[in-house]
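Listed here are the chains, written in short residue letters.
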Amino acid sequence: MATTQETKPDLVTLTIDGKSARVPKGTLVIEAARQVGVMVPHFCYHPKLTPDANCRMCLVEIEKMPRLQTSCSTPVAEGMVVKSAKSDQVEAARKSVLDFILANHPLDCPVCDQGGRCDLQDFSHEYTATKSQFQELKRVFQKEYFSPLIETQMNRCVQCLRCVRYCDQVMDVKALAPVGRGTLTEIKAFGTHELDCEFCGGCVQICPVGAITSRMSMYEFRPWMLKRADSICGYCGDGCQITYQTKNNSLIEVSSTHGSGRNNGDLCARGYFGYHVSEHPERIQTPLIRQGETFQPAIWEEALEQVGQTLLAIKQQHGPDAIAGLITGRCTNEDLYVFQKFMRGVVGTNQIDSSVRYGHLNGVRALQRVQGTHRWTVSFDDIVEADVLLLVGTNVTETNPITGLKIKEAVKRKGAKLITIEALQPAVGTISNIVNLAHHHFGVRADGFQGAVLALMKSVLETRGMAEDVKASATAYGNDLMAQLSGLAWSRLENRTGYSLSDYGHAASTFCQGKKVVILVGQDVLRASGGYGMTMNLLDLLLLTGKLSNPGCGVAPLAEENNDQGAFEMGAVSDVLPGGFSIDHAESRTAVSKHWGRSIPDSSGGALPQFLERMQSGAIKALLVVGENPLGSLPPVSGIEQALEGLQLLVCQELFMTETARKAHVVLPVCSSAEKEGTFTNTEGHVQAVRKAVEPVGDGRPDWEIFSALSIIMGDSMEYGDVKEIGKEIRNVLPGIRPLGPTPIPSKPDAMVVCGYVGGEYRRDLDSRYRLIDEQPDFSDELLVSLRQSLFHSGKFSLKADGLLKVESEGKLYVHPDEAARRNIGEGDQVDLCNDRGTIRAKVGLRERIPMGMAVFPEHFDQEMRGLLSYAVDPETQVPYYKLAQARIVKV
Amino acid sequence: MIFEQLQNEVTAILARYPVKRSALLPLLNLAQAREGYVSEPAMREIAKLLDLTPPQVFETVTFYTMFNLKPIGTFHLQICKSLMCALVGSDDLVAWIKNQLDIGPGQTTSDNMFTLSVVECLGSCGTGPMMQVNDDYYEQLTEEKLKRIFDDLRRDGTCSLKSGPFMYPESAAK
C-alpha cells in the first residue's frame, strides 16, 4: 500500500480492433485487448502464470509484423495496430487451431462436469469449427485412478499445461508432470502413483476444459443449476473469498474467482475441499436437555427458558460473576458483539473470553502496546511488494496457506529476500515448504526461537547501529536496549541456536538493506512460552532500525481461526471493549455504555486460566460455551475436566457433539458459516461479508439470535431484527470498523503511543524480554514433540469434512528419517511416547523437513497426546501454552 | 541407493553446472547406465540430489525416448524405422525378429536376453537397414546377419559384425 510511485510508468498507445488502448509499457497484447473489451480466445494463457504460448489460440494480426502473433506473449509497442475479431486470417487460424484440438478431444460434453462453463465449448460455438479435416481415430488414454479428491479425464486434455505451471509457479508444489510428448502428453503425478500433493484444487479451477475435475461433486450438477453465494471461508485467518455453489439447498461445490477476494481466486485444501462440514449427518438438529446421563430433544422455547431462568437464578443468588462465557473466533463479528454485550449488559459480568486467548492475543497486545493499533500496519499487498520478509515460528504454507502464497509470490516473482527462523528444515516434499525458498534460514528447535530472534537483533544493531532519529529522539530507549543486547554474549547465543555470528551477520545485512520489511509471526511463537515477549522484541527491532512507521513495514501476527481478529475487535475478551480498547479506558467505557444504555461492569473479569480456577473453587457456577471446546483442546493438566464437573449450568452452542458438549446441561444447535449472514475480520484486519448459502440444518439458529432470546427471558431485552441491524450498531459504536471495500487500508502506528513506549513504557518488562529463556535440559534420547496445525485440517472442526479426511484421516508422529533410523523405527511403526505425565501410542510417519531431535504431531488428532503436554500461563497476557511436550520414544 | 557407489561421478557431474537442475540429464544417463533403465528409486534419488520433486524428474524421463522406464534385456536391439531404413526393409527385420525371438517392439525375451525397440533415425542412412545394440551399430542387415549376430551375442556377449558407433571417430579407428 501507499507505494509512492517514483517514476510514472511509461504508457503506450495502440489500436486493437479499431479501439484505442493506453496501457503501461510491458503489458501483453492480450491484456491490453481485455482492457478495451476485446476478448481474445485462449487456453494456455492465464494472468497468474508466465506466458507459454503453446495453445496458439490467441493468434492476432499485428500490422507490420510478418506472421500472426500470439497475443499472450507479445508485449505492446507504441503505435501497434492489432486485429483480432476483425481479421479473416485470424479467424481462419483460430478455426484450424480448434480443428487440431477437436481432432482428439472427445465429444463427451453431456457427461462432462465442465459442460456449460468450458472454454473449448465456448470457442467451438464462436468459431463453429464443425467440419474437420481429420479422419484418424482419436487418441485414447488408459483411464487411471488419480487421487481421492481430484479426477482426471486425460482424453479431454488440450495440453495447455496451465495446471502444471500453476502447481509450480503459484503453489510451488510441483506435483503434476506432463508425461510423454506431443499429442500423447498426459498429466500425471509420479509414475503409476496416485497424486500426493497439497490438494489446493488450483488445477481443477484453472483447467479450461473438463480434463481435471473435482471428485467431490462428480456428475452431480450442471453449472446452470447452481445457485451461488459469495462468502468467506471459515477455516483460517486468511479470510479467502469463496463462492458456495448449491443445488436444492445442498452444497455442491466451492470455488473462488480469479481477481476476487484477498486470495485472488487461490484456495487451499481446506477452502476448496473442506465444505462438507456443514452437511455432516452428525450435526445437532434440535436443542438438547440433559436428563441424567442422556440428552432429550427439546423445543427451543423449553431449552431457552431453562437456560434463561437458571442464569437468572444463579445471578440473583451468587451475583453476576458466578457466570462466565467462552466463545470461538469462528463466529461472525455480529455473534461476537452480541455475545459480549449480552454478558456485560444483561448478565453483568466481564468474565468472557474467546479463542483469541489461545495465542493471537499475544500478537495483538504487543502491537497495541508498541504502536497503538490492534491491527497489522501492512496488508497482503505489502507482503507481495516487500523486499525483505522475516518469518518467525511459522510454517505458513500449512497454517495460513494464502499468506504463504503471497510470500511465495514476493520471493519467486518479485525477488524479495526471505529470512526464516523456523524449526522445519529445507527439504522438498509433497507439500510446499516455505523454508526451501529462504535466503537465510535459522533452523532452531521449536523452543529456541527466542535465541535466534535476539541474535538476529543483536547482529542487526551491532553491524548497522540504530537509526539516526531513534538515536536523537529516544536516546534512553536505544541505549537501554543496546545495553540489554550487549549483555547477551555471542558465545551463548551461538551455543543456544547452533548458528554462528557470521550466519546472523549475513542475514542482518540482508535485513538492513530492506526498505519494505514485513515480519510475520506465526503460531509457534504466539502459542508458546515467551510468545508475547518475542513479538515485542520484533517490534523493537523495527523501531530501532527506524522502519516501524515506514509504509510497507510492520509486524504481522498470523491469526489461526478465521475471526480471531474480529473476536478481539468486538471485545470478546474480558478486559477489552468493542474497538479493542482496554476496559479501564474511561472514555470508551462511557461511549460504549451510552450507546448500549447499559452500564459496563467494573470487575476486570480475568481470563480463561482464571475461569478454570474459579470454576474449580466453585466461584463460577455457570459457563456459556459458544462453539468452543475447552475439554477437547486444553490438556488435562490444566484442570479443565474438574473445572467443568463442578458447574451448575453448562450451556454449549454447537454444531456437533464435542467433548465439552457431552458434559453440558443444555446443548443448543447453531448455524454454520454457510447458513448465516454476517462479517468476518481476517488476519490483516479486513472486514468481509459472510453470506448465507443454504438453509440452517434442523432447528439451528445463528448465535446472536440465541443471546437475544435469552436477554428477553432474563427480562432485559436486547432485540435485533436481523444481522444488518447489529452491523449498524457495531459501526455506530466503532466508527473505525469501515464498511467493506475491495482492499483494506492498513492502520498506521499511533505516534503518541510509540512516543509513550520509547519514553519509558518499554522498561516495564525489559529485563524479562531480553533474558534468554532458561535452557531446557537436553536429554539426548528424548524428543521435543510439537503439536502443529496441518495443512489439511483446522482445529477439530474440519475432522467432520469428508474431503479433508480422505487426505488426512489420522494423526501420525512425524520424525526425520534419520532420527527414525537411529531408533530402528520405520514408516507406519507403532511407538510409545512417554514422559512423567503418561504414555501414549502413536504411529510414525517420516518427513525429511522435521529436524533431528524433534517430532511433529498434527494438533487435530491430539486427543491422547494432550496427556503429555506441559502447561504454562503467560504472566502478562494470560495465554495458556500447551503445544510442546518432551518425551521418550519407544518402539512397540 | 544406486548413487552410493557412484559418489565420484555424481560429484563430477554436479560440479559442471552452476544451476543444480541442469545435472538432471547426465544423472539420468548415469542411472540408466548403471541399471539398464531408470528406476523409481533412482528418480527419487535424483530428485533429492537436485532439489526437484519426483514428478519433475519423471516428466523429463518420459520426454526422451532413449530413457527406459522398464527393465530391459541384456541386449537392447534398437531398429531404425525411419524412412531410409524402411525403404530397404526394416519392417521385414522387425517381423523376422518377432518370428524368431517372439518379441515385438517394447518387449523382452523370456530369458531376459533381448529387448526390441523401433527407433527414429540413427544417422546411418547410407548403410540401412541398421540397428543399434547397446552401444554398437550393426549395418546393412539381412536376416542371415541378424541370426549370426544373435547367436554370437548369446554365446560371446559380443559380435564381430559390429561396425560402430561412427559418431566417435576415435572408437571407429580402433
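All values reported here derive from a predicted model rather than from experimental measurement. (Residues numbered from 1 in each chain as written. Chains lettered and ligands numbered in written order. Predicted model: local features only at pLDDT ≥ 70, side-chain atom pairs only at ≥ 80, totals over all residues. Heavy atoms only, no water.)

## Overview of the overall build of chain A
Across its full length, chain A carries 31 helices and 34 strands. For 892 residues, the compact-globule formula gives about 29 Å, and the C-alpha radius of gyration of chain A, at 29 Å, lands near that figure. Once the C-alpha set of chain A is aligned to its principal axes, its extents read approximately 90 × 70 × 65 Å. Counting across all 892 residues of chain A, residues that qualify as buried make up 63%. Expressed as a percentage of contacts within chain A between residues at least 6 apart in sequence, the contacts between residues at least 24 apart total 73%. Here chain A carries 93 positive and 106 negative side-chain charges, and the mean point of each set is 4 Å from the other. (Helix = DSSP H or I, 4+ residues; strand = E, 2+ residues; numbered from the N terminus. Rg over C-alpha atoms; globule rule 2.2 N^0.38 Å. Buried < 20%, exposed > 50% of the residue type's maximum accessible area, 1.4 Å probe, protein only. Contact = heavy atoms within 4.5 Å. Lys, Arg positive; Asp, Glu negative; His and termini not counted. Charge placed at Lys NZ, Arg CZ, Asp CG, Glu CD.)

## A short note on the sheet that holds strand S5 (residues 81–83) of chain A
Residues and elements named next belong to chain A. If you trace the five strands from one edge of the open sheet to the other, you get S2-S1-S5-S3-S4, paired in mixed fashion. The sheet is open, and its two borders are formed by strand S2 (19–24) and strand S4 (69–70), each paired with just one other strand. Note: strand S1 (residues 11–16) against S2, six bridges, orientation antiparallel. Within the sheet, the bridge partner assigned to Thr13 lies in S2 and is Arg22. Across the face of the sheet, helix H2 (residues 88–104) comes into contact with strand S3 (59–62) and S5 while running at roughly 160 degrees to S3. (Pairing = 2+ DSSP bridges. Axes fitted to C-alpha atoms, helices over the stretch in contact; angles between N-to-C directions.)

## Section: unusual backbone geometry
Going from B:Gly128 to B:Pro129, the amide bond is cis rather than trans, its omega being -10 degrees. Not every positive phi belongs to a glycine, and A:Tyr219 is a case in point at roughly 60 degrees. Among the structural elements, A:Tyr219 can be located in the loop between strand S9 (212–214) and strand S10 (227–232). Unlike most non-glycine residues, B:Asp102 shows phi in positive territory, near 60 degrees. Considering the arrangement of structural elements, one finds B:Asp102 in the loop between helix H6 (90–101) and strand S2 (114–119). Residue classification places B:Asp102 among the exposed residues on the basis of a relative accessible area of 56%.

## Considerations on helix H3 (residues 119–127) of chain A
Residue and element names in this part refer to chain A. When we look at burial in H3, the residues that qualify are Leu120, Phe123, Ser124 and Tyr127. One side of H3 holds all its buried residues, which, seen down the axis, span an arc of 105 degrees. Facing away from the buried side of H3 by more than 90 degrees, the exposed set consists of His125 and Glu126. Turning to H3, the residues buried within the fold contact H2. Thr128 sits one or two residues past H3 and shows a positive phi near 35 degrees. (Arc of directions from axis to C-beta.)

## Thoughts on the layout of surface pockets
With a probe scaled to a water molecule rolled over the atoms, the places where space remains empty come into view. In this structure, the largest pocket spans a volume of roughly 1600 Å³. The wall of the largest pocket is formed by 48 residues, among which A:Asp196, A:Gly429, A:Thr430, A:Leu846 and B:Arg44 lie closest to the centre. Of all the secondary structure elements, the ones that give two or more residues to the lining of the largest pocket are helix H30 (802–807) and strand S28 (812–815) of chain A together with helix H1 (7–15), helix H3 (40–49) and helix H4 (54–63) of chain B. Here the lining of the largest pocket takes five residues from H3(B), the largest share from any one element. (1 Å grid on protein atoms, 1.4 Å probe; cavity = no way out; pocket = protein on both sides within 12 Å on 5 of 7 lines; lining within 4 Å. Points joined across faces, edges and corners; volume = space filled by probe spheres on them.)

## Topic: the packing of aromatic side chains
Two descriptors summarise a pair of aromatic rings, namely the distance from one centre to the other and the angle between the planes of the rings. Residues and elements named next belong to chain A. Under the counting rule described, the total for this entry stands at 22 aromatic pairs over all chains. Relative to Tyr757, the ring of Tyr477 lies with its centre 5.7 Å away and its plane at 65 degrees, an arrangement referred to as edge-to-face. Of this pair, Tyr477 sits in helix H15 (residues 475–486) while Tyr757 is found in helix H28 (residues 751–758), placing the two residues 280 residues apart along the sequence. Look at Tyr477 and you get buried, because its relative accessible area is 1%. (Phe/Tyr/Trp six-rings, centres within 6.5 Å; stacked < 30°, edge-to-face > 60°.)

## Observations concerning the packing of helix H13 (residues 449–464) of chain A against helix H16 (residues 490–497) of chain A
Residues and elements named next belong to chain A. In the contact formed by H13 and H16, the axes pass within 9 Å of each other and the chain directions differ by 140 degrees. Taken together, the axis directions place H13 and H16 in an arrangement best described as oblique. In the crossing of H13 with H16, the sense of the turn from one axis to the other is left-handed. Contacts between H13 and H16 involve Gly451, Ala452, Leu454, Ala455, Lys458, Ser459 and Glu462 from the first element and Trp490, Leu493 and Thr497 from the second. Split by residue class, the contact of H13 with H16 holds five nonpolar, three polar and two charged. (Parallel < 35°, antiparallel > 145°, perpendicular 65-115°, else oblique. Left-handed = near helix turned anticlockwise from the far one by under 90°. Nonpolar A, V, L, I, M, F, W, Y, C, P; charged D, E, K, R; others polar.)

## A few points about the interface of chain B and chain A
In this complex, chain B contributes 16 residues to the contact, which on the side of chain A involves 18 residues. Buried area between chain B and chain A, both sides added, is near 1400 Å², and the carbon and sulfur share of it is 62%. In this structure, A:Glu848 engages B:Lys48 in a salt bridge whose closest nitrogen and oxygen atoms are separated by 3.2 Å. The interface formed by chain B and chain A holds five residue pairs in polar contact (both at pLDDT 80 or more) in total. (Buried area = accessible area lost by both parts, 1.4 Å probe. Salt bridge = Lys/Arg side-chain N within 4 Å of Asp/Glu carboxyl O. Polar contact = N/O pair within 3.5 Å; in protein donor to acceptor, adjacent residues only side chain to side chain.)

## Topic: the side chain of A:Arg866
Residue and element names in this part refer to chain A. Mapped onto the elements of the fold, Arg866 is located in the loop between strand S31 (854–858) and strand S32 (872–873). From its side chain, Arg866 meets the backbone oxygen of Leu631 in a polar contact 3.0 Å long. In this view, Arg866 contacts Leu631, Gly632, Ser633, Leu634, Pro635, Pro636 and Glu659; residues no more than four positions away in its chain are not counted.

## Observations concerning the confidence of the model for chain B
Residues and elements named next belong to chain B. Averaged over every residue, the pLDDT of chain B is 90; residues scoring 70 or more account for 94%. Confidence scores differ between elements of chain B, with helix H8 (residues 169–172) showing the lowest mean pLDDT of 46 and H4 the highest of 96. What the predictor reports for the complex is a pTM of 0.94 with an ipTM of 0.91. (pLDDT = per-residue confidence, 0-100.)

## Overview of the pairing of S1(A)
Residues and elements named next belong to chain A. The side-chain alternation of S1 yields one buried face, formed by Val12, Leu14 and Ile16, and one unburied face, formed by Leu11, Thr13 and Thr15. Both S1 and S5 contribute to a ladder of two bridges, which runs parallel. What sits directly across from Thr15, in S5, is Val81.

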